[in-house]
Amino acid sequence: MGVALALPVALLLVLMSLEGVSAGWESGARVTAYLKLDVGVDEARGLLQEIESDSRISEVELVERDQALAEFRISSGLDEALDFLQENPLPHTLLITPEDSARTEAGVEGLVRYIQKMDSVERVQVDLGWLQRLNAITEMLSRAVWALSVLLAAAVVLVIGNTVRLAIENRRDEILVAKLVGGTDSFVRRPFLYTGAWFGLGGGVVAFILLELSLWWLNGPIERLAGLYRSDFSLAGLSFDGAFALIIVAMVLGWLGAWVAVKRHMDDIDPGEIA
Amino acid sequence: MIEFRQVTKRYDSDHTALRQVNFALDRGELAFLTGHSGAGKSTLLKLVMVMERPSAGEVVVGGQLLNRLPRRQIPYIRRHIGVVFQNHQLLFDRTVFDNVAMPLEVTGASPSDIGRRVRAALDKVGLLSKEKMNPMQLSGGEQQRVGIARAVVNKPPLLLADEPTGNLDPELSADIMNLFGQFSQVGVTVLIATHDIALVNEMNRRTLTLDHGRLVAGGSPLMGV
């Protein structure tokens, strides 16, 4: 049961971590405009000012072609090969950061169209495509996780319901006598509902321990992997509130399972059977 | 205390357990209910305990008409009725004390109150020294007396017994009948279903006799008192 509870919570944690990462990247979404090769530095600076004056733009940076070549030389390690080129093949580049308000999908698209129309711009590139794909994947995953959570919650209810059903069968005589001497239905049900809630509590605690253990187990490798990708991605553990909510939800599920079992099996036990 | 007015109980279309039964029992009265097996003794007791509902007629217990009593109210009626069974229905997973305490526990009585009243009931049936034993360790007669202690522990105004002496030898049976006699003397209405005719004759009390669901003797409240 702890496993059934731990699984969806673990997936949710992974998703939340992923969403955190993509949100961080989205804010860094930038539009890159490559100018035509025959555009000179002065014209490029004029363009920079023109774009900067647009209200949708928060910042524009001009990377001049010489500077770009120098950076490429360092980062690519093609130092000697580049010496063979007769001229610099790289254009001037404008790195454009949109305002927060223009950072929606439609806003960015509008911006791209506006820059694309400029005469001296050769090509506009937006790094949004893969981001949208990641977002789509996380959204799909999150729905899948919710569906899975519902299924597993139902499984928890059934497991506890079955446990309580067995408890009811074991204590059948006691229930009969209690009903016979004037025990109300709620009096007879109460201990079983408590049993269900306690089982839920136990399951929640087990789930929490499993989660913490597997996070601790996974975190080292994940940090190394994220380091290799130069990402600050890390798996967030359960907060205190989250752990508390997990245990409360588990208790409610346990109580619910017990309630179902009690409804289905205990009300059948009628003292008329013995007299 | 108990009143049956033209009570009929039909189980299936072809099986009628009770036919137009009329009788009334007063407070403090002790009566026997006899008849061959299948004559309807158990059905009559079940109607009093609201384990069954009559098909026709009216059942009144303690001034309350039971016919249309809501299900939720049934436990409160049962708290005023003590029942002794032939197979005593004791729980073997707990002590004699805890068995007798059950009717008080369902009412939410305080532990000190429960202790006092359980010991009083056990004292009355002469088993105070065995309160910590498991009912399994007791003899048949003792088990039956534990059952009686449980039935009277919350001082119900009405005591029903279904074949309370069924498995006991005559001497023990007489003991138990004497106990019932004592309860009726303090105002408890006692109705004992039995087919032990010898015992019934010996006690010389009012006797309701059922034959194929019909009350053939003892129906008038004044007869045999």
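This one's a predicted model, so the numbers in the text were calculated from it and none came from an experiment. (Residues numbered from 1 in each chain as written. Chains lettered and ligands numbered in written order. Predicted model: local features only at pLDDT ≥ 70, side-chain atom pairs only at ≥ 80, totals over all residues. Heavy atoms only, no water.)

1. Things to note about the overall build of chain B
Item 1. Scanning chain B from N- to C-terminus turns up seven helices and 10 strands.
Item 2. Per-residue burial over chain B gives 53% buried out of 225 residues.
Item 3. When contacts within chain B are restricted to residue pairs at least 6 apart in sequence, those whose partners lie at least 24 apart make up 68%.
Item 4. As presented, chain B carries roughly 10,100 Å² of accessible surface, and 47% of it is formed by carbon and sulfur atoms. (Helix = DSSP H or I, 4+ residues; strand = E, 2+ residues; numbered from the N terminus. Buried < 20%, exposed > 50% of the residue type's maximum accessible area, 1.4 Å probe, protein only. Contact = heavy atoms within 4.5 Å. Areas by Shrake-Rupley, 256 points an atom, 1.4 Å probe, with all protein chains shown as cover.)

2. Let's talk about the overall build of chain A
Item 1. Across its full length, chain A carries nine helices and four strands.
Item 2. Listed by position from the N terminus, the elements making up chain A come as α-β-α-β-α-α-β-α-β-α-α-α-α.
Item 3. For chain A, long-range pairs separated by at least 24 residues make up 82% of all intrachain contacts whose partners lie at least 6 apart in sequence.
Item 4. Here chain A displays about 15,900 Å² of accessible surface, and carbon together with sulfur accounts for 61% of that area.

3. Overview of the nonpolar core
A general trend in soluble globular proteins is that nonpolar side chains are found buried together.
Residue and element names in this part refer to chain A.
Item 1. In this structure, Val-164, Ile-168, Ile-175, Phe-192, Val-262 and Met-266 are the most contacted members of the largest nonpolar core, which totals 37 residues.
Item 2. Sorting the residues of this core by element identifies helix H1 (2-27), helix H6 (129-170), helix H7 (172-180), helix H8 (185-228) and helix H9 (240-266) as the ones contributing at least two each.
Item 3. The biggest single contributor to this core is H8, with eight residues.
Item 4. Residues within four places of Val-164 in sequence aside, it is in contact with Phe-192, Gly-196, Ala-258, Ala-261 and Val-262. (Core = buried A, V, L, I, M, F, W, Y, C linked by side-chain atoms within 4.5 Å.)

4. Brief notes about helix H3 (residues 96-105) of chain B
Item 1. Within H3(B), eight of the 10 residues are buried, which leaves the element mostly enclosed by the surrounding structure.
Item 2. Among all positions in H3(B), only B:Val96, B:Phe97, B:Asn99, B:Val100, B:Ala101, B:Met102, B:Pro103 and B:Leu104 are buried.
Item 3. Check the buried side of H3(B) and you find it contacts H7 of chain A together with helix H4 (111-124) and helix H5 (140-152) of chain B.

5. Concerning the confidence of the model for chain B
Item 1. Of all residues in chain B, 97% have pLDDT values of 70 or greater, and the mean over the chain is 87.
Item 2. Confidence metrics for the complex model read pTM 0.69 and ipTM 0.83. (pLDDT = per-residue confidence, 0-100.)

6. Some points on the interface of chain A and chain B
Item 1. With 17 residues of chain A at the interface, the matching set in chain B holds 19 residues.
Item 2. Interface of chain A and chain B: buried area, both sides summed, is about 1,700 Å²; carbon and sulfur atoms make up 64% of it.
Item 3. Our enumeration of links across chain A and chain B arrives at two salt bridges.
Item 4. Close ionic contact of B:Arg71 with A:Asp185 constitutes a salt bridge, the shortest N to O distance being 3.1 Å.
Item 5. At the boundary of chain A and chain B, one finds four residue pairs in polar contact (both at pLDDT 80 or more).
Item 6. If you list the elements that add at least two residues to the side of chain A that touches chain B, you get H7 and H8 of chain A.
Item 7. Class assignment of the residues belonging to the side of chain A that touches chain B gives a composition of eight nonpolar, four polar and five charged. (Buried area = accessible area lost by both parts, 1.4 Å probe. Salt bridge = Lys/Arg side-chain N within 4 Å of Asp/Glu carboxyl O. Polar contact = N/O pair within 3.5 Å; in protein donor to acceptor, adjacent residues only side chain to side chain. Nonpolar A, V, L, I, M, F, W, Y, C, P; charged D, E, K, R; others polar.)

7. Considering H8(A)
Item 1. Helix length check: H8(A) (44 residues) gives 63 Å between terminal C-alpha atoms against 64 Å at 1.5 Å per residue, within 8%.
Item 2. Just downstream of H8(A), A:Arg230 is the residue with a positive phi angle, here 55°. (Expected span 1.5 Å × (residues − 1).)

8. Side note on the sheet that holds strand E4 (residues 121-126) of chain A
Residues and elements named next belong to chain A.
Item 1. Within the open sheet, the four strands sit side by side as E2-E3-E1-E4. Their pairing is antiparallel. Each edge of the open sheet carries a strand with a single partner, namely strand E2 (57-63) and E4. Averaged over all neighbouring strand pairs, the angle between strand axes comes to 20°, with direction disregarded.
Item 2. Relative to strand E3 (residues 93-98), strand E1 (residues 31-35) runs antiparallel, the two sharing four bridges. Paired with Ala-33 across the two strands is Leu-94, which belongs to E3.
Item 3. Lying over the sheet, helix H2 (residues 41-52) contacts E1, E2, E3 and E4, oriented at roughly 170° with respect to E2. (Pairing = 2+ DSSP bridges. Axes fitted to C-alpha atoms, helices over the stretch in contact; angles between N-to-C directions.)

9. What about the sheet that holds strand E9 (residues 206-211) of chain B?
Residue and element names in this part refer to chain B.
Item 1. Pairing in this open sheet of six strands is mixed, and the strands run E6-E7-E8-E3-E9-E10 from one edge to the other. Each of the sheet's edge strands pairs with one partner strand only, and the pair in question is strand E6 (81-84) and strand E10 (214-217). When strand polarity is set aside, the average angle formed by the axes of neighbouring strands in this sheet is 25°.
Item 2. The pairing of E6 with strand E7 (residues 158-162) spans four bridges and is parallel. By the bridge assignment for E7, Val-83 is matched with Leu-160.
Item 3. Where helix H1 (residues 41-48) meets the sheet, its contacts fall on strand E3 (30-34), E6, E7, strand E8 (189-193) and E9, and the angle it forms with E7 comes to roughly 150°.

10. Digging into the confidence of the model for chain A
Item 1. With 90% of its residues at a pLDDT of 70 or more, chain A shows a mean pLDDT of 81.
Item 2. Confidence, read as mean pLDDT per element, is least for H1(A) in chain A (71) and greatest for H9(A) (89).

11. Thoughts on the environment of B:Arg119
Residues and elements named next belong to chain B.
Item 1. Among the secondary structure elements, Arg-119 is positioned in helix H4.
Item 2. The exposure class of Arg-119 is partly exposed, given its relative accessible area of 36%.
Item 3. Once the C-alpha coordinates of Arg-119 and Ala-101 are considered, the two residues, 18 residues apart in sequence, prove to be 9.4 Å apart.
Item 4. The residues contacting Arg-119, other than those within four sequence positions of it, are Phe-97, Leu-128 and Glu-131.

12. Notes on the packing of aromatic side chains
Item 1. Evaluated as defined, the whole model comprises two aromatic pairs over all chains.
Item 2. Between A:Phe240 and A:Phe244 the ring centres are 6.3 Å apart and the planes differ by 15°, which places this aromatic pair in the stacked class. With A:Phe240 and A:Phe244 both in helix H9 and four residues apart, this pair spans about one turn of that helix. The exposure classification of A:Phe240 matches that of A:Phe244, with both residues exposed.
Item 3. In this arrangement the basic side chain of B:Lys9 is found over the ring face of B:Tyr11, its NZ or CZ atom lying 5.2 Å from the centre. (Phe/Tyr/Trp six-rings, centres within 6.5 Å; stacked < 30°, edge-to-face > 60°. Lys NZ or Arg CZ within 6 Å of the ring centre and 35° of its normal.)

13. Re a nonpolar patch on the surface
Residue and element names in this part refer to chain A.
Item 1. Taken together, the side chains of Val-205, Ile-209, Leu-213, Trp-216, Trp-217 and Leu-218 define a hydrophobic patch exposed on the protein surface, amounting to about 690 Å² of accessible area.
Item 2. Tracing the backbone shows Leu-218 in helix H8.
Item 3. We classify Leu-218 as partly exposed; its relative accessible area is 39%. (Patch = residues over 30% accessible without salt bridge, like charges linked within 9 Å, V, L, I, M, F, W, Y side chains within 5 Å.)

14. Side note on a negative patch on the surface
Residue and element names in this part refer to chain A.
Item 1. Among the surface-exposed residues, Asp-38, Asp-42, Glu-43, Asp-119 and Glu-122 lie close enough to one another that they form a single negatively charged patch.
Item 2. Inspection of the secondary structure assignment puts Asp-38 in the loop between E1 and H2.
Item 3. The exposure class assigned to Asp-38 is exposed, which follows from its relative accessible area of 68%. (Lys, Arg positive; Asp, Glu negative; His and termini not counted. Charge placed at Lys NZ, Arg CZ, Asp CG, Glu CD.)

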